[in-house]
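# Inside the fold
So the chains spell out like this:
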Amino acid sequence: MAAVTVKRYIAVDLGKESGSVVLTTVTDGIPVQESLYTFPMHVTRMAGKNFWNIYSIFDEVLTGLAAAGAKKLQIESLGVTSWTSDYVCVAGDGSFIGLPLASRGSLPASLKEKFFKKLSASDYYSITASQIRDNGTAFQLFARSKEKNMALENAGQLLFISDAIIYLLTGKKICERTQLSSAGLMNVKNGKVARPVLKLSHVRPKRFHPVVTSGTKVSRLTEEIGEITGLGRLNVIAVAGSAAVSAVSVLPFEEEGSAYLYVGKEAFMGIETSAPVMNDRMLELNISNVRVSESKYLVLKEIPGMEILSSCMNQWKKDGKAYSEEDKLKDDRTGQGLLDLAISEIYKEDNYSILFIELIEESERVLKYLKNHVLHQFYLKIKGGEKYNLIM
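Reference entry: report on the structure contained in this document. (Residues numbered from 1 in each chain as written. Predicted model: local features only at pLDDT ≥ 70, side-chain atom pairs only at ≥ 80, totals over all residues. Heavy atoms only, no water.)

If you tally the helices and strands in the protein chain, you get 16 helices and 17 strands. By residue count, 52% of the 392 residues in the protein chain fall in the buried class. In the protein chain, once contacts between residues fewer than 6 apart in sequence are set aside, the share between residues at least 24 apart is 64%. (Helix = DSSP H or I, 4+ residues; strand = E, 2+ residues; numbered from the N terminus. Buried < 20%, exposed > 50% of the residue type's maximum accessible area, 1.4 Å probe, protein only. Contact = heavy atoms within 4.5 Å.)

In structure tokens:
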């Protein structure tokens, strides 16, 4: 009888609302997840702006890793995921310059107009093949440069949030490839930093360096961190920056063009291809191409409506309004689906509108897409009639 193979991995999953440390045990190829520690993402408000308290977040990560270390198990490696829009400014001596800005809401329309006067939307898309997001990294950098932001001007390097946590754990600075691509800062055709985009913000390409592919061993936990957590000199692996891209990039697609729908702390739908899909229709639909490797691209559309629904569900729970998973489809009191209800409450309740007002228009479009069986219609429009397998 063959011996049972058991391997264990740790994931640090950081979202804009909460973070978690998860232990995955794979027994003969079958994974089982155990959430070890969940924590809020700490935000500090200063001078009218919100900032991520990266040090408090890191302390929470260490608490979760210590919970893993306390189990005294053999762990193969550790990976960190986060979102892509925000970044940490790093000084030449390796220290962080202030706290990273927490990008929420839309940037002023006048700022976007200035951006696209210097680089048209079609030219931006032809370089990056990236979905145009109001709070995307390219626009954040442009806004900070116009403010003559001291942290940005004095930064020797910029790290995405997950890469910053990896740096604190290992002492090694990296830029994970899918993060750069998702942020709209990569030339999707050659996989290098998009110089024309960064030039608008007077940011040198070497500030995003070195670019590494997911699956690359970055380093090991520092001796100090190994002792604090009880995990020793554990290997740290660069994984696809966001949880969604990590999840989708390892789906067992049987053929090119298979479609997927990912719903978690964020929501995406899309297809996997061997080359970017770039045309006027893709730009019109505002669809991203995330470069995973030279021959693997994720063509995807973010669904803000799902984010609204998830956030409203959390708020309703705090308000003592209990809804089940089945209620997501229909609310018996009103006859509305919960996404409809969420959108209607955004209009009339201040606590919802403060959080989500900037997403209303897009959410209504998404709702219409969903009601029209978008997973069938959407992709037929993209490639003119081909059939796609669907993995959910």
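To continue, consider the packing of helix H1 (residues 54–69) against helix H6 (residues 161–170). Viewed as axis vectors pointing N to C, H1 and H6 meet at an angle of 65°, and their least axial separation amounts to 11 Å. When you trace H1 past H6, the crossing you get is right-handed. When H1 is examined against H6, the residues Ile-54, Ile-57, Phe-58, Val-61, Leu-62 and Leu-65 are found in contact with a partner set consisting of Ile-161, Ile-165, Leu-168 and Leu-169. Residue composition of the contact of H1 with H6, by class: ten nonpolar, no polar and no charged. (Axes fitted to C-alpha atoms, helices over the stretch in contact; angles between N-to-C directions. Left-handed = near helix turned anticlockwise from the far one by under 90°. Nonpolar A, V, L, I, M, F, W, Y, C, P; charged D, E, K, R; others polar.)

Before going further, it helps to examine a positive patch on the surface. A surface patch of positive charge is lined by Lys-114, Lys-117, Lys-118, Lys-146 and Lys-148. Structurally, Lys-148 can be placed in the loop between helix H4 (137–146) and helix H5 (150–154). Take Lys-148: its relative accessible area is 58%, and that puts it in the exposed class. (Patch = residues over 30% accessible without salt bridge, like charges linked within 9 Å, V, L, I, M, F, W, Y side chains within 5 Å. Areas by Shrake-Rupley, 256 points an atom, 1.4 Å probe, with all protein chains shown as cover. Salt bridge = Lys/Arg side-chain N within 4 Å of Asp/Glu carboxyl O. Lys, Arg positive; Asp, Glu negative; His and termini not counted. Charge placed at Lys NZ, Arg CZ, Asp CG, Glu CD.)

This paragraph deals with the nonpolar core. Core analysis: the largest hydrophobic core is formed by 40 residues, its most contacted members being Ile-10, Leu-14, Leu-65, Ile-165 and Leu-169. Excluding residues that lie within four positions of it along the chain, Leu-65 makes contacts with Ile-10, Val-12, Val-21, Leu-78, Leu-169, Thr-229 and Leu-231. The next biggest cluster of nonpolar side chains, apart from the first, holds 31 residues, and it includes Ile-132, Ala-143, Val-197 and Leu-198. (Core = buried A, V, L, I, M, F, W, Y, C linked by side-chain atoms within 4.5 Å.)

Most of strand S15 (residues 288–293) is tucked away, with five of its six residues classed as buried. Here S15 pairs with strand S16 (residues 296–302) via five bridges, running antiparallel. Within S16, the position partnered with Ser-293 by the bridge is Lys-296. The turn linking S15 back onto S16 is made up of two residues. (Pairing = 2+ DSSP bridges.)

Our focus in this paragraph is the packing of aromatic side chains. Overall, the coordinates contain eleven aromatic pairs when judged by the stated rule. By way of ring pairs, the aromatic residues Phe-115, Phe-116, Tyr-124, Phe-139 and Phe-142 are connected into one cluster. Lying over the aromatic face of Phe-139, Lys-112 brings its terminal NZ or CZ to 6.0 Å of the ring centre. (Phe/Tyr/Trp six-rings, centres within 6.5 Å; stacked < 30°, edge-to-face > 60°. Lys NZ or Arg CZ within 6 Å of the ring centre and 35° of its normal.)

As a further point, take the side chain of Asp-163. Among the structural elements, Asp-163 can be located in helix H6. Here Asp-163 occupies a buried position and makes no salt bridge, while the nearest side chain of opposite charge, Arg-177, is found at 11 Å. Every residue in contact with Asp-163, bar those within four places of it in the chain, is listed here: Ile-174, Cys-175 and Glu-176.

Distances and angles like these do not, on their own, reveal function.
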